[in-house]
Amino acid sequence: MNGKHPHDDPPPAPTKSRISKSRYGVWDFYEEIFQHAQRPGWRASLQHKFREFSDGWPHVRRMITDVANIPGCIRLAIIYAICEIAISVLPAGSIWFEGQLLTIIQTAIDSRTVNAGLLLRISLGRLVCSLLIVLVNRFRKSIEGPLNARIRRWYAAHAFAAAARLDVPTFHSPTARRALNDTDNTSWGKTVVWATLQLVADIAGAGVQLIAHALVLFGVLRQQRDGMLLVMVTLVSQVWTWGSYMSVFSPAKLWLARTVNAAFIKTRGLKRIVQDGNFRKEFVAGNMGEFATSEYTSAAEIVGDQDADWWEWNDQVFDGSRKWIEILEGPFAFIPQLIFVVRAVNYPTELPVSLASLQLVQSATTTFAFTMVQLIARLQSVSTQLANVQKMYNVRDIPNEIVDGTVPFPEDTAQIRYGISLEFRNVSFKYPESENWALRNVSFNILPGQLCVIVGSNGSGKSTILKLVTRLYDPQEGEIFFGGHDIRALKLSDLRDAVSVLFQDYTLFPLSIADNIGLGRPAHAHDASRIADALHLADATALVAKLPKGAQTFLDPPVDDEYSSLLEDTPLPGGPPGVVVDYTALKAAASVEKASEAGLSGGQMQRLAVARTFMRSVVGGDSPVGLMLFDEPSAALDPIAEHNLFDRLRELRGSKTLLFSSHRFGKLTRHADLILYMNESVVVEAGTHTALIAAGGEYARLWQIQVEAFIS
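What you see is a predicted model; the values in this text were computed from it and never measured.

Chemist: It is not clear to me how the overall build of the protein should be interpreted in this structure. Could you clarify?
Modeler: The helix and strand inventory of the protein stands at 26 helices and 13 strands. Looking at the protein as a whole, 37% of its 712 residues are labelled buried. Considering only intrachain contacts with a sequence separation of at least 6, the fraction spanning at least 24 residues in the protein is 75%. In the form shown here, the protein has an accessible surface area of approximately 40400 Å², with 59% of it arising from carbon and sulfur atoms.

Chemist: How do you make sense of the confidence of the model for the protein when you look at a structure like this?
Modeler: The predicted structure's coordinates, where accompanied by low pLDDT, should not be read in detail. Overall, the predicted model of the protein reaches an average pLDDT of 77, with 70% of residues at or above 70. Averaged pLDDT values for the elements of the protein fall to 42 in helix 21 (residues 595-598) and rise to 97 in strand 4 (residues 422-429). Here residues 1-9 is modelled with pLDDT under 50, and outside its nearest four sequence neighbours on either side it reaches six contacts, counting other chains as well. Here residues 247-252 is modelled with pLDDT under 50, and outside its nearest four sequence neighbours on either side it reaches six contacts, counting other chains as well.

Chemist: So what exactly am I meant to see when it comes to the pairing of strand 12 (residues 674-679) here?
Modeler: The side chains of a regular strand alternate between the sheet's two faces. When you tally the buried positions in strand 12, you get five out of six residues, the bulk of the element. By the bridge criterion, five bridges tie strand 6 (residues 451-456) to strand 12 in an arrangement that is parallel. The residue of strand 12 that forms the bridge with Ile454 is Leu676. By the bridge criterion, five bridges tie strand 12 to strand 13 (residues 682-687) in an arrangement that is antiparallel. Bridge pairing links Met678 to Val683 in strand 13. Hairpin remark: strand 12 followed by strand 13, antiparallel, with two residues in the connecting loop; positive phi at Glu680, about 50°.

Chemist: I keep staring at the pattern of salt bridges and nothing clicks. Help me out?
Modeler: Oppositely charged side chains can form a pair if their charged atoms are brought close together. On inspection of all chains with the given rule, the structure shows 13 salt bridges. Close ionic contact of Arg530 with Asp622 constitutes a salt bridge, the shortest N to O distance being 3.1 Å. A residue pair is termed long-range when its members are at least 10 positions apart, and Arg530 in helix 18 (residues 528-537) and Asp622 in the loop between helix 22 (602-617) and strand 10 (627-631) qualify at 92 residues. Looking at Arg530, the relative accessible area reads 13%, which means it is buried. Counted as one network, the salt bridges with shared partners bring together Arg521, Asp527, Arg530 and Asp622.

Chemist: Explain the sheet that holds strand 6 here, please?
Modeler: Two strands in a sheet stick together by hydrogen bonds in their backbones, pointing the same way (parallel) or opposite ways (antiparallel). Spatial strand order, 9-10-11-6-12-13: six strands in an open sheet with mixed pairing. Pairing within the sheet leaves two strands with one partner each, and these edge strands are strand 9 (499-502) and strand 13. Geometrically, the sheet is characterised by an average inter-axis angle of 15° between neighbouring strands, direction not taken into account.

Chemist: Quick question: what am I supposed to make of the packing of aromatic side chains here?
Modeler: The description of an aromatic ring pair uses the distance of the two centres, along with the angle that the planes make with each other. Counted according to the given criterion, the structure contains eight aromatic pairs. Here the aromatic rings of Phe424 and Phe444 are separated by 4.6 Å at their centres, their planes lie at 20°, and the arrangement is stacked. With Phe424 in strand 4 and Phe444 in strand 5 (residues 439-446), this pair connects stretches of sequence that are 20 residues apart. With respect to class, Phe424 is no different from Phe444; both count as buried. Aromatic side chains Phe429 and Tyr473 sit 5.5 Å apart centroid to centroid with 45° between the ring planes, which places their arrangement in the tilted category. With Phe429 in strand 4 and Tyr473 in the loop between helix 15 (462-469) and strand 7 (477-482), the pair connects residues that are 44 residues apart, well separated along the chain. Tyr473 gets classed as buried once you look at its relative accessible area, which sits at 13%. Grouping aromatic residues by their ring pairs yields a cluster made of Phe429, Tyr431 and Tyr473. Between the NZ or CZ atom of Lys430 and the centre of the ring of Trp437, over which it lies, the distance is 4.4 Å. Positioned above the aromatic ring of Trp437, the side-chain terminus of Arg440 is 4.2 Å from the ring centre.

Chemist: I keep staring at the layout of surface pockets and nothing clicks. Help me out?
Modeler: The probe, sized like a water molecule, is rolled over the atoms to show the empty space still left. Here the largest pocket is characterised by a volume of approximately 1400 Å³. Within the residue set of the lining of the largest pocket, elements represented by two or more residues are helix 3 (116-164), helix 4 (168-171), helix 16 (492-497), strand 9 and helix 22. Its residues assigned to classes, the lining of the largest pocket shows 16 nonpolar, six polar and seven charged.

Chemist: Just to check I follow, could you spell out the sheet that holds strand 8 (residues 485-486) for this structure?
Modeler: In spatial order, the strands read 5-4-7-8; together these four strands make up an open sheet with antiparallel pairing. On the outer flanks of this sheet lie strand 5 and strand 8, each paired with one strand and no other. Summarising the sheet, strand 4 and strand 7 pair through five bridges and their orientation is antiparallel. By the bridge assignment, Ser428 is partnered in strand 7 with Glu477. Against the sheet, helix 15 contacts strand 4, strand 5 and strand 7, and its axis sits at roughly 115° relative to strand 4.

Chemist: Just checking my understanding: could you explain empty space enclosed by the protein for this structure?
Modeler: Applying the stated criterion to the full structure yields two cavities of 30 Å³ or more. Volume-wise, the largest cavity comes out at about 60 Å³. Looking at the lining of the largest cavity, the elements that each hand over two or more residues are helix 22 and helix 23 (639-651). The dominant element in the lining of the largest cavity, judged by the number of residues it contributes, is helix 23, at four residues. A per-class count over the lining of the largest cavity returns six nonpolar, one polar and three charged.

Here is what the cut-offs are and how they apply
- Residues numbered from 1 in each chain as written.
- Predicted model: local features only at pLDDT ≥ 70, side-chain atom pairs only at ≥ 80, totals over all residues.
- Heavy atoms only, no water.
- Helix = DSSP H or I, 4+ residues; strand = E, 2+ residues; numbered from the N terminus.
- Buried < 20%, exposed > 50% of the residue type's maximum accessible area, 1.4 Å probe, protein only.
- Contact = heavy atoms within 4.5 Å.
- Areas by Shrake-Rupley, 256 points an atom, 1.4 Å probe, with all protein chains shown as cover.
- pLDDT = per-residue confidence, 0-100.
- Pairing = 2+ DSSP bridges.
- Salt bridge = Lys/Arg side-chain N within 4 Å of Asp/Glu carboxyl O.
- Axes fitted to C-alpha atoms, helices over the stretch in contact; angles between N-to-C directions.
- Phe/Tyr/Trp six-rings, centres within 6.5 Å; stacked < 30°, edge-to-face > 60°.
- Lys NZ or Arg CZ within 6 Å of the ring centre and 35° of its normal.
- 1 Å grid on protein atoms, 1.4 Å probe; cavity = no way out; pocket = protein on both sides within 12 Å on 5 of 7 lines; lining within 4 Å.
- Points joined across faces, edges and corners; volume = space filled by probe spheres on them.
- Nonpolar A, V, L, I, M, F, W, Y, C, P; charged D, E, K, R; others polar.

Structural data, given as structure tokens:
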């Protein structure tokens, strides 16, 4: 045996293709046209669909289990399914009652009498079916809301956990970014989970509705002359009409649309500049308004009437395939009427019954055809939905690039009472997708409780050392020892619990000030006294007290206020003459704060970041932190705040190991146990301040330059 399954089809021959290029306005439209493409046989297509289902089913089963474990979801899902079945069956009941009218008409023709009781029951039956459809549909929607909400809440927690577990290099990898985007893919509040469950419900409901319609139509019209012929002809015409609008009946196209029109691109770029608030400060300060307006006007004149985005050309490009279908829609729609005319001529006494039959058939088959086309479209999308479910779970299985260690740290808390030792041995590192070394053959040793300052110009590698200590990245060469252990062997959670770091590009989260600081020590995140102590140590108590809501102030609210679509300073529609739209009173009533009331300077923001660091490593005296890392901690601080910060940090000397990076030489370096002077990714000089000044090297030269700049 060669390993080939006896039922496997041979691999398809390579398909030739050519690229067609068209021009629509400023857009170049490229379409790949496949020549003599051989479609796979029905057996191969079924095998492919079966493989897709087999690959996706374990994830769907896992999803169903997860949903079933959500409190209350099983009961709501059962009620929702019952409503779906009822909505699928009830229209068939209406058709059945309508079909009974044919019996009344035929009886009236034959006997010249009308069964009033039957007519009343039929009318009441149709009325009850119509009311039930409305009521059940409304009830289903009332169930859909809480069911979707519970699923969405579970899904949000799933997506959050998937994103939270990724380390830095994995998070920034293209694979992880695509997976996270897929996981975060929601439409109008409907998650992948809900969309999948709704797809299953739609397919089941459409199937039930088709069966019910078919049985009722067959039962009603089988005794009518040419009844089934009328059904088939009408059904074909309706499927032809509805199907022409469904993408599932349209040939798939592989295409690309792009524009290289410089003037058009320039207009879009200028529009983005004036509409995006991120550019407003420089735009106004640079007095760019008049020039930008002139540039936009000139570019727009060059583009002329071709100034249209691609979506405006979409219908013109892709509706061309419907032209020949539209030509046949009219004749197809007339065929049922032609059958009715022939029947009326041959059997004039049956004219009333024929007319009623035609109306019933056309009404029923319109719904039947639309349901059939929808069912086919839903079945076509099963593969896509299965893939979405698979992506949703696959993101939880993406392996982190930084491999977790197994050794707990510290074995004894007394081990880090006076700080943690740190040693680099011939460490070299380059960032992902970079050809240049960020560190090259770096070695140094810091003893517990010592103060080390890394100095050098921007880009010399100072910040990279701090990132390697926290294992945001791992070096390509060399070893790092943390507390005497190979840093790769330690459990990541233990390592990061023992380290406190304040990066130069620190982040203040879109939370309250109290929450921002509390995140420094999650175990005490709601301890107001500890948060107050951290603010005091960072000299931030006074600035927080001046804010409208104190520590509960949001510096960058994560949710924007929503307003009506009426523009300010425009006449109020339907209002008294002279009254314009003004949201001032509403803002005041809702206590909407002005942006300037919560705005802080860069130095004040940095104090809050420092407060979070103190919350993590100092406040309470029970912190597990033994190593504190600071990346340009005073870059935005005024001289007094910088002096106070360094005084407090020096007080920690002996109880914490302190590692600073800075491009400024100052008071801190004179008290350092070790100074590393770096340039172009390597350690050029190492020693104490006194020793390096005495050596007269590059450090001494730069020190003298800064001293002269300060006293001149």
